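Here is what each chain is made of, one letter per residue.
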Amino acid sequence: MKYMLIMRGTDEAYDAYKAMPFEEVIAAMGRYNEELIKAGVLLAGEGLTDASEGFVVDFASETPLVTDGPYGETKELFNGFWILEVSSKEEAAEWAKKVPLGPGSFIEVRRVTEMSDFPQDNEFVQREAEFRAANDPTFKL
Amino acid sequence: MTTETGATDAAGIRRSVAAVWRMESARIVATLTRVTGDFSLAEDLAQEALADALEQWPRDGIPRNAGAWLTAVAKRKAIDGWRRRERLDDRYSAIAHDLESRIDPDAAPWDPDDIDDDVLRLVFIACHPVLAREARVALTLRVVGGLSSEEIARAFLVPTATVQQRIVRAKKSLAAAKVQFEVPSRDEYAARLGSVLGVIYLVFNEGYAASSGTEWMRPELSQEALRLGRVLAELAPREPEVHGLVALMEFQTSRFRARVTAEGEPILLGDQDRSRWDRAQIIRGRTALARADAVGRGRGAYALQAAIAECHSVAPSTDETDWDRIVVLYEVLGRLAPSPIVDLNRAVAVAMATGPATGLRLVDEIAASGALSGTHLLPSVRGELLARLGRLDEARVELSEAARLTGNERERGVLLGKVAALGPPDA
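Note that the structure is predicted; figures quoted are calculated from it, not measured.

1. Focus: the overall build of chain B
Looking only at helices and strands, chain B features 20 helices and zero strands. By principal-axis analysis of the C-alpha atoms, chain B measures approximately 85 × 50 × 40 Å. Counting only residues that meet the buried cut, chain B has 51% of its 427 residues in that class. At a minimum sequence separation of 6, the contacts of chain B that also span at least 24 residues come to 63%. Accessible surface, chain B: about 19400 Å² in total, of which carbon and sulfur atoms supply 52%. Computing the positive centroid from 55 side-chain charges and the negative centroid from 61, chain B places the two 1 Å apart.

2. Side note on the environment of Leu221(B)
Locating Leu221(B) in the fold gives a position in helix H10 (residues 219–235). Residues in contact with Leu221(B), not counting those within four places in the same chain, are Leu141(B), Ala155(B), Phe156(B), Val203(B), Glu206(B) and Gly207(B).

3. Side note on the sheet that holds strand E5 (residues 77–85) of chain A
Whether parallel or antiparallel, the strands of a sheet pair through hydrogen bonds between backbone atoms. Residues and elements named next belong to chain A. Here we have four strands laid out as an open sheet, ordered E2-E5-E1-E6, and antiparallel in their pairing. Looking at strand neighbours, the two that pair on one side only are strand E2 (42–47) and strand E6 (105–111), the edges of this open sheet. Each strand axis lies, on average, 20° off the axis of its neighbour in the sheet, ignoring direction. Docked against the sheet, helix H1 (residues 11–19) engages strand E1 (2–9), E5 and E6, running at close to 80° with respect to E1.

4. Side note on the side chain of Arg255(B)
Residues and elements named next belong to chain B. If you trace the backbone, Arg-255 turns up in the loop between helix H11 (240–253) and helix H12 (256–259). One buried charge, Arg-255, has no salt-bridge partner; the nearest side chain with opposite charge is Glu-310, at 9.9 Å. One polar contact links the side chain of Arg-255 to the main-chain carbonyl oxygen of Ala-309, over a distance of 3.0 Å. Ignoring any residue separated from it by four or fewer positions in sequence, one finds Arg-255 in contact with Tyr-208, Leu-269, Gln-272, Trp-277, Ala-309, His-312 and Ser-313.

5. Here's the deal with the domain arrangement of chain B
The accessible area lost on association of the parts is a frequent measure of interface size. Partitioning chain B into domains gives domain 1 (10–111), domain 2 (186–311) and domain 3 (374–427). Look at where the C-alpha atoms of domain 2 of chain B and domain 3 of chain B centre, and you get two points 28 Å apart.

6. Quick notes on empty space enclosed by the protein
All names here are of chain B. What the rule picks out here adds up to one cavity of 30 Å³ or more. Looking at the largest cavity, its volume works out to about 50 Å³. Val-123, Thr-140, Val-144, Ile-200, Leu-228, Val-231, Leu-232 and Leu-235 are the residues that line the largest cavity. When residues of the lining of the largest cavity are traced back to their parent elements, those giving at least two are helix H6 (133–144) and H10. Tallying contributions element by element places H10 first for the lining of the largest cavity, with four residues.

7. Focus: unusual backbone geometry
All names here are of chain B. Even without being glycine, Leu-157 reaches a positive phi, approximately 55°. With respect to the element layout, Leu-157 can be found in the loop between helix H7 (149–156) and helix H8 (160–176). Even without being a glycine, Lys-178 presents a positive backbone phi close to 50°. Looking at the secondary structure, you find Lys-178 in the loop between H8 and helix H9 (186–208).

8. Structural notes on the packing of H6(B) against H7(B)
All names here are of chain B. Their axes nearest at 10 Å, the elements H6 and H7 cross at an angle of 135°. Taken together, H6 and H7 sit at an angle that is classed as oblique. Regarding H6 and H7, the two cross each other, and that crossing is right-handed. The segment H6 lies against H7, with Val-137, Ala-138, Leu-141 and Arg-142 engaging Ser-149, Ile-152 and Phe-156. Here the contact of H6 with H7 is composed, by residue class, of five nonpolar, one polar and one charged.

Conventions used here
- Residues numbered from 1 in each chain as written.
- Chains lettered and ligands numbered in written order.
- Predicted model: local features only at pLDDT ≥ 70, side-chain atom pairs only at ≥ 80, totals over all residues.
- Heavy atoms only, no water.
- Helix = DSSP H or I, 4+ residues; strand = E, 2+ residues; numbered from the N terminus.
- Buried < 20%, exposed > 50% of the residue type's maximum accessible area, 1.4 Å probe, protein only.
- Contact = heavy atoms within 4.5 Å.
- Areas by Shrake-Rupley, 256 points an atom, 1.4 Å probe, with all protein chains shown as cover.
- Lys, Arg positive; Asp, Glu negative; His and termini not counted.
- Charge placed at Lys NZ, Arg CZ, Asp CG, Glu CD.
- Pairing = 2+ DSSP bridges.
- Axes fitted to C-alpha atoms, helices over the stretch in contact; angles between N-to-C directions.
- Salt bridge = Lys/Arg side-chain N within 4 Å of Asp/Glu carboxyl O.
- Polar contact = N/O pair within 3.5 Å; in protein donor to acceptor, adjacent residues only side chain to side chain.
- Domains from an automatic or database assignment.
- 1 Å grid on protein atoms, 1.4 Å probe; cavity = no way out; pocket = protein on both sides within 12 Å on 5 of 7 lines; lining within 4 Å.
- Points joined across faces, edges and corners; volume = space filled by probe spheres on them.
- Parallel < 35°, antiparallel > 145°, perpendicular 65-115°, else oblique.
- Left-handed = near helix turned anticlockwise from the far one by under 90°.
- Nonpolar A, V, L, I, M, F, W, Y, C, P; charged D, E, K, R; others polar.

Shown next as structure tokens:
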């Protein structure tokens, strides 16, 4: 089964990271990623650039509105993810606990849906399957 | 009671302990084998430490550095054992010093420069040729994969006691043969690596095409084999066949969800809904095959099989498959690793590339050689080709014979279905 580990951080986490030498942060994450690879569980993973480079599409009004933010009430920004293939939910939890993060950071762990989670006779499920068959996956290492 | 994982019940904590064990066991046993110089003892100590964890963690919570905890407990047990037997030699003092000096709870319990080589040595021990095949499989899944004897027994449909016996006997055989904790020397390396790859592929196949019983596939077992393959690919990245095997397993796994109906009936390659193949996994397969090629030592038997699987994986349909290329790949494979199974597969590919009559001639040659007699494979392929040639009565006989010979219930169902599809025999 596949799980997505979603990295979320508050301003507290951001400030703490800014105070740390960048090299150190990179090295710690690098060691963690290497451990995932060596354990044979890492399928995909990406980090995201600073939220100031991103934007938000808000569906509150009839016409979706593109804004620079704010990102809503939650001050936890989504910074990156891993997709792991593990044997149990508990294994996903143990890997999540090993992510080198400090106070103000969270790892949200979610199971990745599989085709079997959806009714197979649904037209759109079938079309998505065809799309997946015709296209390379968006996620890559 | 709430632990750090959030598991609140005893069963949940046991699952967490099992998860930690799967993640850490290979490094723990490898480290203990290095410090004690005794694989069998190391495995016993590790299991005892695990038993302690199962007793203590539900009460105290899972420690932050669980691998270090388990390793330290096992080392302490080693010291206690030696102390009782008054064998206070150099190994004893080395470990005792080690235990005293490690006060940093976040430090890894092993030397990061040595641990990969140690795990590789462990893999070579578990797959050692002095062991019977079943023993290699059981030992590898237990010490490298971190599976319990119960899990291994369930996966292979044998009693737990059988697995435990295999492991006990395997450890005795290794001790009797004085098997060393080492990476094999250059002259035996290829053969020893071949044994390791063989064990992994055996586990994979046990899950992919269950040889007995009513289940067509046991995907968890194949998944575990694939994981072990990926682990090995990082431990021995300069070995093309390791990547070849990983590629092969990725390609084959990519078809899992297209391979059975909702009722568990198998669907053969030609009839599979290719939109259900896992594209991300196919790309991982192609990446692994490219890694094998990048080593620059040519393709071995696994890489060639992976290349054949790749041809299927990238083809939109059976008709649009590059059968000529597959024929060539089977020819190369047949020269490298001669086998009647490869010949039979080549015959099928030839039939697809140039027509059933040519394929049938090749199948008849294999039949005449006596190879594969008594297996369901020969009549299964013969029946299929005869059916395509319109020789329905002969096809019916062959497919019925194949159904009689197969050991897999699901496969028997498929073959009998083909017989039925030919319609009733002419009166």
